[in-house]
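Observations on chain architecture
In case you want the letters, here they are:
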Amino acid sequence: MSVTEQFRDFAASIHCAFKEGEPLSAYTTFHIGGPAELMLFPGSREMLRQLLAFCAQVDTQPFILGKGSNLLVADRGLSGVTICTDRMLLCQQISETQIECEAGLPLIKLCMAALNGSLSGMEFAYGIPGSVGGAVFMNAGAYGGEMKDVVSSCICIDKEGKEHTLSAKELEFDYRTSVLQKNGWVVSSVCVSLQKGDSAQIRAKMDDFLSRRKDKQPLNFPSAGSAFKRPQGHFAGALIEQCGLKGFAVGGAQVSEKHAGFIVNRGGASARDVLRLVEYIQKTVQGQTGVLLEPEIKYISK
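The notes below deal with the structure included here. (Residues numbered from 1 in each chain as written. Predicted model: local features only at pLDDT ≥ 70, side-chain atom pairs only at ≥ 80, totals over all residues. Heavy atoms only, no water.)

A complete count under the given rule lists 5 aromatic pairs for this structure. Between Tyr-27 and Phe-41 the ring centres are 6.1 Å apart and the planes differ by 40°, which places this aromatic pair in the tilted class. Of the two residues, Tyr-27 is situated in the loop between strand E1 (17–23) and strand E2 (35–41) and Phe-41 in strand E2; the sequence distance between them amounts to 14 residues. Judged by its relative accessible area of 14%, Tyr-27 falls in the buried class. Look at Tyr-143 and Phe-209: their rings are 4.8 Å apart centre to centre, the planes differ by 0°, and that puts the pair in the stacked class. (Phe/Tyr/Trp six-rings, centres within 6.5 Å; stacked < 30°, edge-to-face > 60°. Helix = DSSP H or I, 4+ residues; strand = E, 2+ residues; numbered from the N terminus. Buried < 20%, exposed > 50% of the residue type's maximum accessible area, 1.4 Å probe, protein only.)

Have a look at this one:
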């Protein structure tokens, strides 16, 4: 029996949904990516734990997919097992100022839960098109706020399928990174600690941030968010525009004409188009300014 067949049987035994040959372009904000050999859709924290324990048992390294908001998936797709958390959506206020939610919950829904509880602190994330788990994994942030500012603890699952509760300090948050990028553990659920506030003021701040996103970012085209990390002392978009690359395209991939820090899919872009464009931008910017831009987009190929 093949590994795929073993996983199909195991998924069925724990009532976990699965699909074969599912196009990953439907699960990424770039709308790019070939088929997944096998995709599993756990609907709870316990189901995710069981799947990861089974992965360890059969010596398989799965790819974990949330909302796919900062990913570029290979044109040939992904072999083996992909676990998608987008059905792990439990969210509840557990104290006067704390909300606990599962990893697959969209950030925007966590922001709305905070608003409904008159809790302030999540406003910066309103409009970020990612999952809570992915946001913790990469310490997502915007407008002066980051996940490290609000996360109090996180339940993670190690490579053996065992759960661990990590404090904010143990998560070792830094700019667009966390310890999870080093140890390979998977976010299962997250607890955020916020502050009591005025719901009208919270709503106004959320609307202001969303309005700024719409004004400055190319939300009318598929993208993976900021293409490059912010280089020390500079802004990636400003450097790219300074080098005359705004609007420059390779195939269907283009440096946004609205914000040069974004690469957009103008239609039919392949992963290869994006990779070639990223490389061209890096060489051009380094050649003209001496600054080597580091991609923020994660390229996934296996």
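Counting residues in hydrophobic clusters, the biggest one holds 38 residues, and the most contacted among them are Met-122, Val-136, Met-147 and Val-151. Elements supplying a minimum of two residues to this core: strand E7 (98–102), helix H3 (107–116), helix H4 (132–138), strand E11 (151–157), strand E13 (186–193) and helix H6 (199–216). In terms of residues, this core owes the most to one element, H3, which gives 5 residues. Ignoring anything within four residues of it in the chain, the contact list for Met-147 reads Leu-107, Met-122, Phe-124, Ala-135, Val-136, Asn-139 and Ala-140. Core analysis: the next-biggest nonpolar cluster, separate from the first, contains 26 residues, Leu-245, Val-250, Val-274 and Leu-277 among them. (Core = buried A, V, L, I, M, F, W, Y, C linked by side-chain atoms within 4.5 Å. Contact = heavy atoms within 4.5 Å.)

Glancing now at the packing of H3 against H6. Between H3 and H6, whose axes approach to 9 Å, the crossing angle comes to 155°. Put simply, H3 runs roughly antiparallel to H6. Only Ser-199, Ile-202, Arg-203 and Met-206 of H6 make contact with H3, whose side of the interface consists of Cys-111, Met-112 and Leu-115. Partitioning the contact of H3 with H6 into residue classes produces 5 nonpolar, 1 polar and 1 charged. (Axes fitted to C-alpha atoms, helices over the stretch in contact; angles between N-to-C directions. Parallel < 35°, antiparallel > 145°, perpendicular 65-115°, else oblique. Nonpolar A, V, L, I, M, F, W, Y, C, P; charged D, E, K, R; others polar.)

Another aspect to go through is the sheet that holds E1. Paired through their backbone hydrogen bonds, the strands of a sheet run either parallel or antiparallel. If you trace the 4 strands from one edge of the open sheet to the other, you get E1-E2-E5-E3, paired in mixed fashion. With partners counted over all chains shown, the strands left at the sheet margins are E1 and strand E3 (63–65), one partner each. Direction aside, the axes of adjacent strands within the sheet are offset by 30° on average. Across 3 bridges, E3 lies against strand E5 (residues 78–84) in parallel orientation. Across the sheet, residue Ile-64 finds its bridge partner in E5, namely Ile-83. In the packing of helix H1 (residues 3–13) onto the sheet, contacts are made with E1, E2 and E5, and the angle to E2 comes to roughly 25°. (Pairing = 2+ DSSP bridges.)

Time to look at the pattern of salt bridges. Pairs can form between side chains of opposite charge whenever their charged atoms are close. Counted by the stated rule, this structure contains 15 salt bridges. With a closest N to O distance of 3.6 Å, Glu-22 and Lys-19 form a salt bridge. Where Lys-283 meets Glu-279, a salt bridge forms, and the shortest distance between an N and an O atom there is 3.3 Å. Remark: Glu-279 and Lys-283 occur in helix H8 (residues 271–289); sequence separation between them is 4 residues, near one turn of the helix. The class for Glu-279 is partly exposed, based on a relative accessible area of 40%. A network of salt bridges, in which partner residues are shared, links Glu-146, Lys-148, Asp-149, Arg-176 and Glu-296. (Salt bridge = Lys/Arg side-chain N within 4 Å of Asp/Glu carboxyl O.)

Next up on the list: unusual backbone geometry. Its identity is not glycine, yet Asp-59 carries a phi of approximately 55°, on the positive side. When you line up the elements, Asp-59 lands in the loop between helix H2 (45–57) and E3. For Asp-59, a relative accessible area of 73% gives the class exposed. You will see that Arg-176, though not glycine, has its phi angle at about 55°, which is positive.

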